[in-house]
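Each chain, letter by letter, is given below.
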Amino acid sequence: AQSVSQHNHHVILSEAASLELGCNYSYGGTVNLFWYVQYPGQHLQLLLKYFSGDPLVKGIKGFEAEFIKSKFSFNLRKPSVQWSDTAEYFCAVNEIRTGGFKTIFGAGTRLFVKA
Amino acid sequence: NAGVTQTPKFRILKIGQSMTLQCAQDMNHNYMYWYRQDPGMGLKLIYYSVGAGITDKGEVPNGYNVSRSTTEDFPLRLELAAPSQTSVYFCASSPSAGGPHEQYFGPGTRLTVT
């Protein structure tokens, strides 16, 4: 079955530490890739997306992600986290298929940043 | 634009009751979705719609029904509520022209079935 895997379910970091959250998918065709963030008590918001072109994409609040096609990966990074980055992060993949597309979300990674 | 709105924000149901979760968007998006979010499970697609009058099942449709009579509205109906339907429900929408886009989410409805 096609899937999206986020390797870390819970991550705890101190402020100013670097962050990398893993995301791997299994679909072998064309994909669009997304990272969404859900701050405590809020709904999901788009952090960044990759459709085509430069595989290194930059999003809001200093986040970036790199699409490595050969590894089926789209890892999220931030050089220096802040307490306000405490949230749950979801990787999502649009699998582009004939006649449409299918969106699959990963299980999410809860990030807690200690002040 | 209000974006995607959902009502109610919270609801407690007794087993066997029914209810409708409302969702509306004012962005003229063709695609709309209903997800449920359970701890550690991410988002699971319940139903989706690619336009008014067209709906289709997602990954976990059992126990739910939807309708899409207008572009703006996409209500989710729970018949005979069960404890397994305790969850947070998110509605989302996306434009469809030109291919897939990111989804815009509503604030969610927290449902408890006891």
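Rules and cut-offs
Residues numbered from 1 in each chain as written. Chains lettered and ligands numbered in written order. Predicted model: local features only at pLDDT ≥ 70, side-chain atom pairs only at ≥ 80, totals over all residues. Heavy atoms only, no water. Helix = DSSP H or I, 4+ residues; strand = E, 2+ residues; numbered from the N terminus. Buried < 20%, exposed > 50% of the residue type's maximum accessible area, 1.4 Å probe, protein only. Contact = heavy atoms within 4.5 Å. Core = buried A, V, L, I, M, F, W, Y, C linked by side-chain atoms within 4.5 Å. Buried area = accessible area lost by both parts, 1.4 Å probe. Salt bridge = Lys/Arg side-chain N within 4 Å of Asp/Glu carboxyl O. Pairing = 2+ DSSP bridges.

Chemist: Got a minute to help me understand the environment of A:Y39 in this structure?
Modeler: Residue and element names in this part refer to chain A. Counting through the fold element by element, Y39 comes out in the loop between β5 (31-38) and β6 (45-50). Looking at Y39, the relative accessible area reads 9%, which means it is buried. Through-space distance from the C-alpha of Y39 to that of G29 is 31 Å; in sequence the pair is 10 residues apart. Apart from residues no more than four positions distant in its own chain, Y39 is found in contact with Q45, K61, S84, T86 and A87.

Chemist: Explain the nonpolar core to me, please; I cannot follow it from the model alone.
Modeler: A:Y25, A:L33, A:W35, A:L48, A:F74, A:L76 and A:Y89 are the most contacted members of the largest nonpolar core, which has 30 residues in total. Of all the secondary structure elements, the ones that give two or more residues to this core are β2 (10-14), β3 (19-21), β5, β6, β8 (64-68), β9 (73-78), β10 (87-97) and β12 (109-114) of chain A. Ignoring anything within four residues of it in the chain, the contact list for A:Y89 reads A:Q6, A:L21, A:W35, A:Y36, A:V37, A:L47, A:F63, A:L76, A:G108, A:T109 and A:L111. Core analysis: the next-biggest nonpolar cluster, separate from the first, contains 19 residues, B:C23, B:Y47, B:F74 and B:L78 among them.

Chemist: Looking at this structure, I do not really get the interface of chain A and chain B. What am I missing?
Modeler: For an interface, size is often stated in terms of accessible area lost upon the parts coming together. Listed as interface residues are 18 residues of chain A and, on the opposing side, 16 residues of chain B. Carbon and sulfur atoms make up 62% of the surface buried where chain A meets chain B, a total of about 1,400 Å² over both sides. Together, A:H43, A:F101 and A:F105 form the three largest contributors to the area buried by chain A at its contact with chain B, with a combined 35%. Applying the counting rule to chain A against chain B returns one salt bridge.

Chemist: Help me understand the pairing of strand β9 (residues 87-94) of chain B in this model?
Modeler: On any regular strand, side chains alternate: one points to one face of the sheet, the next to the other face. Residue and element names in this part refer to chain B. Counted residue by residue, β9 has eight buried out of eight residues, so it is predominantly covered. Neither face of β9 is exposed, since S87, Y89, C91 and S93 on one face and V88, F90, A92 and S94 on the opposite face are all buried. Note that strand β4 (residues 31-38) and β9 share seven bridges and pair antiparallel. Looking across to β9, one finds that Y33 is bridged to A92. Sheet topology places β9 next to strand β11 (residues 109-113); three bridges connect them, and they run antiparallel. In the sheet register, Y89 faces β11, and the bridge partner there is T109. Pairing of β9 with strand β10 (residues 104-105), which is carried by two bridges, proceeds in the antiparallel orientation. If you follow A92 over to β10, its bridge partner there is F105.

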